[in-house]
Number of protein chains: 2
Amino acid sequence: MQKDGSRKISKAVISRLPAYYRNLHELLEKDITRISSEQLSRIMKTTASQVRQDLNHFGGFGQQGYGYNVTRLYEEIGKILGVEESHKVIIVGAGNITHALVNYAGFHDHGFDFICIFDRNPLTHGLAIGPVPVRPLNELPAFVRSNKVDIVTICVPREPAKIYAKKIYKLGLRSFWNFAHTDLSLPDDAFVKDVHLLDSVLELSYMINEKNIPVDK
Amino acid sequence: MQKDGSRKISKAVISRLPAYYRNLHELLEKDITRISSEQLSRIMKTTASQVRQDLNHFGGFGQQGYGYNVTRLYEEIGKILGVEESHKVIIVGAGNITHALVNYAGFHDHGFDFICIFDRNPLTHGLAIGPVPVRPLNELPAFVRSNKVDIVTICVPREPAKIYAKKIYKLGLRSFWNFAHTDLSLPDDAFVKDVHLLDSVLELSYMINEKNIPVDK
């Protein structure tokens, strides 16, 4: 941690934090309260030195020869990830993925509140998906100006996704959760987390050809 | 490529291939038929030397000072990813994510056919989600023995996910597309591609604290 309280951490480390958090939760469920970097590295499918290096970014929670206190590590990583805070999330697009997101209780349990869905289709306006109202897309700018919005979720096809993301960026939002099958091409100060479902199943398809053998895990 | 026709490629490279494929498709839509490794690296948000290294794994499709033929590169990566072949996919769990997957045409367009959904809940048996029938979970072993199944999609909560994945592994299946909020802990010869939605939004939540500044892209 820097003197001013800010942290300078690589995106690679950040991308592993949720998996640490998830696996530490599973350890606590099994009443495991202490773990060595070696044991944790096997769960995380990485090396013990990687684990030590990752966790040192956050001040380090371990003691030489004694291991990590699982409860403390879990709580601290949770704080770092902001799970104790509430995050207001809007969704662009009222399709199938939106239904799946809104209906999964896990998001709410970790502080993510879907507060409004915006869609272009007039047939969806005034409806609700789960408890979340669907409003006309052209009301989005006014909504963003008068409500706290932390994350915008993009659940529309490729071309509108790029267009809407740019417009929403101009409204001042910087955190995008993107389910469209494209990259959003936003300026560098936007943080975009992509969920490219087709990309992920294409990796499986690659592996199905048994002549394709990955050389490392 | 090895003499026996097999390829030995790291998982890191494999994980980038679908993004190459997707971006090359977008270039073709814009009638761009030739591209340098420098230009491609900007789209892929990596370095030109990384692009050249990645594509060299597949025999290399570029010519010094001339760039890559986009059509040829797109088609070759498509072949490598197996998009010309049909892949039979089953799903365990008939919930919201399953609805979203079955109703997204993009999978079918790239050779992924959802052929059957299995669920424990008797109320779902005999129903269909989109065109895909839902059958009792205890019929899964017989189904796998008498039908070609390439990929099993896990769309159930954590504990059943781990149990069912192990059972399905024992039936001989090796390619798992996992949407459960856990790691499946399967033997090393299983290939598991995880879609951890909560992990991905937790990364965004981390970034929302403006004191958290990533040091690289």
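Cut-off values and rules
- Residues numbered from 1 in each chain as written.
- Chains lettered and ligands numbered in written order.
- Predicted model: local features only at pLDDT ≥ 70, side-chain atom pairs only at ≥ 80, totals over all residues.
- Heavy atoms only, no water.
- Buried < 20%, exposed > 50% of the residue type's maximum accessible area, 1.4 Å probe, protein only.
- Helix = DSSP H or I, 4+ residues; strand = E, 2+ residues; numbered from the N terminus.
- Pairing = 2+ DSSP bridges.
- Right-handed = clockwise from strand over helix to strand, strands pointing away.
- Contact = heavy atoms within 4.5 Å.
- Salt bridge = Lys/Arg side-chain N within 4 Å of Asp/Glu carboxyl O.
- Polar contact = N/O pair within 3.5 Å; in protein donor to acceptor, adjacent residues only side chain to side chain.
- Nonpolar A, V, L, I, M, F, W, Y, C, P; charged D, E, K, R; others polar.
- Phe/Tyr/Trp six-rings, centres within 6.5 Å; stacked < 30°, edge-to-face > 60°.
- Lys NZ or Arg CZ within 6 Å of the ring centre and 35° of its normal.
- Axes fitted to C-alpha atoms, helices over the stretch in contact; angles between N-to-C directions.
- Least-squares fit on C-alpha atoms with pLDDT ≥ 70 in both.
- Expected span 1.5 Å × (residues − 1).
- Parallel < 35°, antiparallel > 145°, perpendicular 65-115°, else oblique.
- Left-handed = near helix turned anticlockwise from the far one by under 90°.

## Regarding the pairing of strand S10 (residues 175-178) of chain A
Along any regular strand the residues' side chains alternate between the sheet's two faces.
Residues and elements named next belong to chain A.
Then, in step 1: In S10, alternate side chains face the same way, and those of Ser175 and Trp177 on one face and Phe176 and Asn178 on the other are all buried.
Then, in step 2: Pairing between strand S9 (residues 151-154) and S10: 3 bridges, direction parallel. Bridge pairing in S10 places Val152 opposite Phe176.
Then, in step 3: Following the backbone out of S9, through helix H8 (residues 158-170) and into the adjacent parallel S10, one traces a crossover that is right-handed.
Then, in step 4: Across 4 bridges, the pairing between S10 and strand S11 (residues 191-194) is parallel. Among the inter-strand pairings, Phe176 is bridged to a residue of S11, identified as Val192.

## A closer look at the interface of chain B and chain A
Then, in step 1: At the junction of the two partners, chain B supplies 71 residues and chain A supplies 71 residues.
Then, in step 2: Counting across the chain B and chain A interface gives 12 salt bridges.
Then, in step 3: With a shortest N-O distance of 3.2 Å, Arg22 of chain B and Asp183 of chain A are connected by a salt bridge.
Then, in step 4: The interface formed by chain B and chain A includes 18 residue pairs in polar contact (both at pLDDT 80 or more).
Then, in step 5: For the side of chain B that touches chain A, the per-class residue count stands at 33 nonpolar, 20 polar and 18 charged.

## Some words on the packing of aromatic side chains
Then, in step 1: Applying the stated criterion to the full structure yields 12 aromatic pairs over all chains.
Then, in step 2: Look at Phe107 of chain A and Phe114 of chain A: their rings are 5.9 Å apart centre to centre, the planes differ by 85 degrees, and that puts the pair in the edge-to-face class.
Then, in step 3: According to the relative accessible area criterion, Phe107 of chain A is buried, its value standing at 1%.
Then, in step 4: Judged by relative accessible area, which is 15%, Phe114 of chain A ranks as buried.
Then, in step 5: Taken together, a centroid distance of 5.3 Å and an interplanar angle of 70 degrees make the contact between Phe118 of chain B and Phe143 of chain B edge-to-face. Remark: Phe143 of chain B occurs in helix H7 (residues 140-146) and Phe118 of chain B occurs in strand S6 (residues 112-119); sequence separation between them is 25 residues.
Then, in step 6: Looking at Phe143 of chain B, the relative accessible area reads 8%, which means it is buried.
Then, in step 7: Among the aromatic residues, those joined into a cluster by ring pairs are Tyr104, Phe107, Phe114, Trp177 and Phe179 of chain A.
Then, in step 8: Looking at Arg174 of chain A, its charged tip hangs above the ring of Tyr169 of chain A, at a distance of 3.6 Å from the centre.

## Regarding the sheet that holds strand S8 (residues 132-136) of chain B
Residues and elements named next belong to chain B.
Then, in step 1: Strands sit in the order S7-S8-S6-S5-S9-S10-S11 across an open sheet of 7 strands; the sheet is mixed. Each of the sheet's edge strands pairs with one partner strand only, and the pair in question is strand S7 (128-129) and strand S11 (191-194).
Then, in step 2: In this structure, strand S5 (residues 87-92) lies alongside S6, joined through 6 bridges in parallel fashion. Bridge pairing in S6 links His87 to Phe112.
Then, in step 3: Along the sheet, helix H8 (residues 158-170) contacts S5, strand S9 (151-154) and strand S10 (175-178); its crossing angle with S9, the most-contacted strand, is approximately 170 degrees.

## Some points on the relation of the copies chain B and chain A
Then, in step 1: In the superposition of chain B on chain A (RMSD 0.0 Å, axial shift 0.0 Å), the rotation amounts to 180 degrees. Such a combination of rotation and displacement between the chain copies is what one expects of a two-fold axis.
Then, in step 2: When the interface residues of chain B are mapped onto chain A, 100% of them again fall at the interface, so both copies present the same face.

## Focus on the sheet that holds S9 of chain A
Then, in step 1: Here 7 strands make up an open sheet; going across it, the order is S7-S8-S6-S5-S9-S10-S11 (chain A) and the pairing mixed. With partners counted over all chains shown, the strands left at the sheet margins are strand S7 (128-129) and S11 of chain A, one partner each.
Then, in step 2: In terms of strand pairing, S7 of chain A meets strand S8 (residues 132-136) of chain A through 2 bridges, oriented antiparallel. Looking at the pairing, Ile129 of chain A lines up with Val132 of chain A of S8 of chain A.
Then, in step 3: Taken strand by strand, H8 of chain A contacts strand S5 (87-92), S9 and S10 of chain A, and its axis lies near 170 degrees from that of S9 of chain A.
Then, in step 4: Contacts between helix H9 (residues 197-208) of chain B and the sheet are confined to S5, strand S6 (112-119), S9, S10 and S11 of chain A, with S10 of chain A contributing the most and set at about 170 degrees to the helix.

## Here's the deal with H9 of chain B
All names here are of chain B.
Then, in step 1: With 12 residues, H9 ought to run about 16 Å at 1.5 Å a step, and its terminal C-alpha atoms sit 17 Å apart, in line with that.
Then, in step 2: Burial within H9 is extensive, with 11 of its 12 residues counted as buried.
Then, in step 3: Taken together, the buried positions of H9 are occupied by Leu197, Leu198, Asp199, Ser200, Val201, Leu202, Glu203, Leu204, Ser205, Tyr206 and Met207.

## Considering the packing of helix H1 (residues 11-29) of chain A against H9 of chain B
Then, in step 1: Direction vectors running N to C along H1 of chain A and H9 of chain B enclose 120 degrees, while the axes themselves pass 9 Å from each other. The angle between H1 of chain A and H9 of chain B places the two elements in the oblique class. As H1 of chain A packs across H9 of chain B, the resulting crossing turns out to be right-handed. Listed contacts from H9 of chain B to Ile14, Ser15, Leu17, Pro18, Ala19, Tyr21 and Arg22 of chain A of H1 of chain A are Asp199, Leu202, Glu203, Tyr206 and Met207 of chain B.

## Structural notes on the pattern of salt bridges
Pairing is possible between side chains that carry opposite charge, provided their charged atoms lie close to one another.
Then, in step 1: Counted according to the given criterion, the structure contains 26 salt bridges over all chains.
Then, in step 2: One salt bridge connects Glu139 of chain A with Arg135 of chain A, and the closest N-O pair in it is separated by 3.0 Å.

## Details of the environment of Val89 of chain A
Residue and element names in this part refer to chain A.
Then, in step 1: With respect to the helices, strands and loops of the structure, Val89 is situated in strand S5.
Then, in step 2: Given the relative accessible area of 1%, Val89 is considered buried.
Then, in step 3: Here the alpha-carbon distance between Val89 and Ile117, two residues 28 residues apart in the chain, equals 9.0 Å.
Then, in step 4: Beyond its immediate stretch of four places on either side in the chain, Val89 contacts Phe112, Asp113, Phe114, Ile115, Cys116, Ile151 and Thr153.

What is shown is where atoms sit, not what they do.
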